[in-house]
Amino acid sequence: MSQPTNGHYANGQNSSVNGVSHVEKFNIESIPEIKIPPRVLMGAGPSASYPEALRAMSANTLGHLDPEFLSIMGNVGTMLRRVFKTQNPITGAIPGTGTAGMEAALCNLIEPGDEVLSLVFGYFSNRMKQMSERMGGVVTAIEREWGTAFTIEEVKAALDKMKNPKVVTVVHAETSTGILQPIDEIIKLAHERGALVVIDAVTSLAGCPLLVDEWECDVVFSGTQKCVGAPPGLSPITFSARAMERIRNRKVPVQSWYFDMSLVETYWGDSSAGGRAYHYTAPSNALFGLHEALRMTLLEGVENRWARHEMHSQAVMAGLLTLGLEPFAQEGYRLWQINAVKVPKGLDDLAVRTRLLRDYNIEIGAGLGPVKGQIWRVGVMGYSANRANIFLLLGALENILSDMGQKVEKGAAGEAASNVYLDYDRKKNASTEAPIALEVSEDNAPVIGEAIPAESVAQGVAHQE
């Protein structure tokens with residue numbers, strides 16, 4: 001046995017029960033090296049990360065007030081503003097996943113006793129309702145059947161019944177159901193009543209149109225692991241001037257010190273004469289990864305990326321329809337990024353997903369809450385959204401469903417997806433203009449992706465001279 005050192009044994013843990021010492025032997029060699037299996041991530045998130053992001057994250061760590069790191073932080077804020085389509089100075093990424101962004105957004109705006117209207121039509125919109133209640137909000141919740149979207153008339157009727165609404169919560173892209181909820185008219189209606197709007201854009205940022213300034217959004221939070229293409233761990237977030245004014249004029253302090261934006265803004269905002277003030281130790285390597293994922297986003301062009309998600313969604317849905325899988329989300333409100341389809345009657349949801357993972361290394365999403373076991377959620381997001389993945393998934397599903405007794409036409413799903421791509425390619429080649437309008441440089445030459453004026457940002461941000 002190993003000799004004790006300061007009362008402890010090597011490779012062991014010393015514990016005491018009723019004054020009797022016990023040694024629990026521990027052999028570090030019994031813990032194997034991590035071996036990560038290959039996965040094709042086509043679920044509701046996370047999606048695959050850009051290699052550039054993963055490489056950046058493996059760099060040596062920098063201190064949170066290191067000048068080089070602060071320059072990188074500045075670039076992240078600059079690029080996030082372009083992806084969010086905003087000029088909000090308070091735009092950055094807080095530690096934690098999208099749920100941390102949700103909590104930060106709500107705890108800053110809601111004071112005890114505030115009237116809150118929550119639009120509940122899925123798992124994550126219900127989470128916003130629950131958080132609002134925990135923060136002392138007096139919550140009025142209106143509910144919609146999962147898989148459907150709210151009308152502006154329903155929201156107006158709910159607001160009309162409230163005395164003094166302060167906050168409205170809404171999910172832009174409801175990941176649990178594959179619904180894209182229009183929000184621009186909801187925001188206008190809320191502002192007419194003096195309410196601010198908190199928007200969950202975890203799945204919509206960089207995947208479909210999200211126009212923060214044009215729609216006059218108040219607080220919008222997202223995640224890095226979906227359409228942006230970085231690993232999970234950060235929550236991009238932006239606060240309007242209207243929202244920051246509300247925060248600064250609170251009657252009671254924000255209940256969370258960590259997420260108090262009146263403190264965080266001194267670090268992210270760099271608005272003081274003395275530069276950025278320390279608030280917390282920023283996860284530098286995670287921000288390195290986000291920097292590179294955002295750079296890849298802007299090199300592609302935000303509008304081009306929206307179009308890419310739409311194209312792949314059309315292709316995968318065309319293939320899924322040939323396999324007899326019916327859409328779950330309401331027609332006209334379907335997300336490009338999350339393609340929700342009904343599990344055919346008689347099929348074992350878990351058995352299909354297990355075979356996809358075991359035999360093909362493909363992950364798709366299951367249903368949550370009341371639709372558990374009833375739907376599949378097929379994600380085409382960020383770096384995972386490519387033709388090879390689409391064809392791999394459709395071929396795998398075709399084989400599995402056929403093995404399980406479903407009547408499928410061999411090759412039909414892939415052919416349906418191919419027709420979508422062929423049609424897209426023909427239109428692109430036949431057109432004298434790019435399918436998505438590109439920005440134009442000073443000499444009127446089209447730029448690939450988006451142009452960021454070099455003089456407006458620090459070195460390292462993607463730009464075209």
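Conventions and cut-offs
- Residues numbered from 1 in each chain as written.
- Predicted model: local features only at pLDDT ≥ 70, side-chain atom pairs only at ≥ 80, totals over all residues.
- Heavy atoms only, no water.
- Helix = DSSP H or I, 4+ residues; strand = E, 2+ residues; numbered from the N terminus.
- Buried < 20%, exposed > 50% of the residue type's maximum accessible area, 1.4 Å probe, protein only.
- Contact = heavy atoms within 4.5 Å.
- Areas by Shrake-Rupley, 256 points an atom, 1.4 Å probe, with all protein chains shown as cover.
- Pairing = 2+ DSSP bridges.
- Axes fitted to C-alpha atoms, helices over the stretch in contact; angles between N-to-C directions.

Visitor: Got a minute to help me understand the overall build of the protein in this structure?
Guide: Tallying secondary structure elements over the protein gives 13 helices and 18 strands in all. Scored against the burial criterion, the 465 residues of the protein give a buried share of 50%. Put simply, 70% of the contacts in the protein that link residues at least 6 apart link residues at least 24 apart. Carbon and sulfur atoms make up 51% of the accessible area of the protein, which totals about 21600 Å².

Visitor: Would you take a moment to explain the sheet that holds strand 13 (residues 219-221) for this structure?
Guide: Strands sit in the order 6-14-13-12-9-7-8 across an open sheet of seven strands; the sheet is mixed. The open sheet has two edge strands, strand 6 (90-95) and strand 8 (138-143), and neither has a second partner. Taking the axes of each pair of neighbouring strands and ignoring which way they run, one obtains an average angle of 20° across the sheet. Bridging between strand 13 and strand 14 (residues 234-239) involves three bridges; their strand directions are antiparallel. Looking at strand 14, one finds that phenylalanine 221 is bridged to isoleucine 237. Packing against the sheet, helix 2 (residues 67-84) makes contact with strand 6, strand 13 and strand 14, and its axis sits at approximately 110° to strand 6. Its contacts with the sheet put helix 3 (residues 98-109) on strand 6, strand 9 (165-171), strand 12 (196-200), strand 13 and strand 14, and the angle it makes with strand 14 is roughly 30°.

Visitor: Can you walk me through unusual backbone geometry in this structure?
Guide: Most peptide bonds adopt trans geometry, and most residues besides glycine take a negative phi value. For the peptide bond that leads from glycine 45 to proline 46, omega is 5°, which places it in the cis range. Here proline 46 is to be found in the loop between strand 5 (40-41) and helix 1 (51-57). A positive phi is found at lysine 85, a non-glycine position, where the angle reads about 60°. Tracing the chain through its elements places lysine 85 in the loop between helix 2 and strand 6. You will see that glutamate 216, though not glycine, has its phi angle at about 60°, which is positive.

Nothing here speaks to function; it is all geometry.
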